[in-house]
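These are the residues of each chain, in order.
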Amino acid sequence: MKTLKFLSLFLIITLLGCTEENYYTTTQGLGKVNVYIEGNITNTEAQAQLEEEIGTLTENIYVQNTTQLTDVTINFSNNIRDIIVKNNPNLKNITLQGSNNTINEFQIYDGHYLNNITIKGIVEANAIYLGSMASNYNLSEHIDIECYDLVTVHGDLRLFIGQYNDPISNKLNFYDLKFVNKTIRNSNSACRWQGNYSEFNMPQLEEVYALEHFVHALNINYPKLKKAGGLSIGYGPSNQVVSFPLLDEITGGISFYQNPTNSTFDFPLLDNCGGIYLEGTNCNFNFPILQEIVNLSVSTSQSTINFPILHKIYNRLDTTSLSFTVLNLTSLNYCVEYWHYGIDLSSSTVNMVLNKFLTFQPSSGKYLNIQGEQPTGQGITDKQTLVDQGNSVLIY
């Protein structure tokens, strides 16, 4: 009995001695739950601390508020919750090296002078946020981002790598990424990718839920992307070419904003899309096999817009220029609402629009709101016929 009491007391003393707050000895391989790299720490000191404190119990790693740290390599062999990097004004190089692991979030804030981010050995993440990179603050800097092995981002992947017009050519390569927003989706926000790049590559990407694609790069190709929830594309350079050779389904819609001149957007296999908003000058928009959409809004001039077999717009068509009206949709035979505004259509064009809608389905319940001259001749008759069939026609 005395021996048993002695052993129990020895175990209690031993355990108490190993439970210093947030710390477990490295000989046990447990490490700290939270690892902090902070203050006036050197590269050598930071690496030694990381090697000593990262263990199987480590959940969070913070690299923050350093004053002279320039390089950091974070090696880990277990799943990590969060890796946060912020307020490190001299930090230039970050390497994350996992071993077929998953993480919850990897976030970089205020990466003013970062030049390189390398990520390896992480296969899944719930969210990745790379914000306020080098060119936001120092236009003599650029950043190269190389990500290997990462296949799935369950939530958001946000890339704020400078502004659209920064004179900096950043490079970004996510070599193995296939899925973004795979399981964690926010209907009130979208992933945003923005910045000025000489390289922007995601060669394996297959699916993204909602994306604001404001990438300033000349040539962008998504060779394996097949499904998207919604796309907003804009703020690229003149003569930009963006290709989606395999994309066949967009469950939401596509919006093109602030697109500069002479840009080309190609969707050769897209056959399912909620709605499309087009904005740009002297651009090329190509949808060769799309047959049905919910809404189409065209606010562009002197552009080539290709919908050769689009025959059904379930809801509304908007046009705002003389170079593109409903008359350009030669296969269209179903449209519930047509709005033209911004510039007057001539009476001859109004006449042709009215005549075209006589043959459109549905036969009644259509609504036409047209800014233009009043119809003449047969156009007056066609307008009255539409009204008599139960349609509304306003020409002003």
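Everything below is about the structure printed above this text.
The structure presented is a predicted model; accordingly, all values stated were derived computationally and were not measured.

Analysis parameters
- Residues numbered from 1 in each chain as written.
- Predicted model: local features only at pLDDT ≥ 70, side-chain atom pairs only at ≥ 80, totals over all residues.
- Heavy atoms only, no water.
- Buried < 20%, exposed > 50% of the residue type's maximum accessible area, 1.4 Å probe, protein only.
- Helix = DSSP H or I, 4+ residues; strand = E, 2+ residues; numbered from the N terminus.
- Pairing = 2+ DSSP bridges.
- Patch = residues over 30% accessible without salt bridge, like charges linked within 9 Å, V, L, I, M, F, W, Y side chains within 5 Å.
- Areas by Shrake-Rupley, 256 points an atom, 1.4 Å probe, with all protein chains shown as cover.
- Salt bridge = Lys/Arg side-chain N within 4 Å of Asp/Glu carboxyl O.
- Core = buried A, V, L, I, M, F, W, Y, C linked by side-chain atoms within 4.5 Å.
- Contact = heavy atoms within 4.5 Å.

Digging into the pairing of strand 9 (residues 157–161)
And then number 1: Counted residue by residue, strand 9 has 5 buried out of 5 residues, so it is predominantly covered.
And then number 2: A two-sided burial pattern is seen for strand 9, the buried positions comprising Leu157, Leu159 and Ile161 on one face and Arg158 and Phe160 on the other.
And then number 3: By the bridge criterion, 3 bridges tie strand 6 (residues 116–130) to strand 9 in an arrangement that is parallel. Along strand 9, the bridge assignment pairs Leu130 with Leu159.
And then number 4: Across 3 bridges, the pairing between strand 9 and strand 12 (residues 191–201) is parallel. Of the residues in strand 12, the one forming a bridge with Leu159 is Trp193.

Some points on a nonpolar patch on the surface
And then number 1: Taken together, Leu246, Leu269, Ile289 and Ile309 make up a surface patch of nonpolar side chains, about 280 Å² in accessible area.
And then number 2: Mapped onto the elements of the fold, Ile309 is located in the loop between strand 22 (304–306) and strand 23 (312–319).

As for the nonpolar core
And then number 1: Grouped together as the largest cluster of nonpolar side chains are 97 residues, with contacts concentrated most on Phe106, Trp193, Met202, Phe267 and Phe287.
And then number 2: Among the elements that make up this core, the one with the highest residue count is strand 6 (6 residues).
And then number 3: If we ignore the near neighbours within four places in the chain, the residues touching Phe106 are Ile83, Val85, Leu96, Ile117, Ile119, Ala127, Ile128, Tyr129 and Leu130.

Regarding the pattern of salt bridges
And then number 1: Throughout the structure, instances matching the rule amount to 5 salt bridges.
And then number 2: Across the pair Asp82 and Arg81 runs a salt bridge whose closest N-O atoms are separated by 3.9 Å.
And then number 3: On the accessibility criterion, Asp82 (14% relative accessible area) is buried.
And then number 4: The salt bridge involving Asp318 is made with Arg316; its shortest N-O contact spans 2.6 Å.
And then number 5: A residue is classified by how much of its surface remains accessible, and Asp318, at 9% relative accessible area, is buried.

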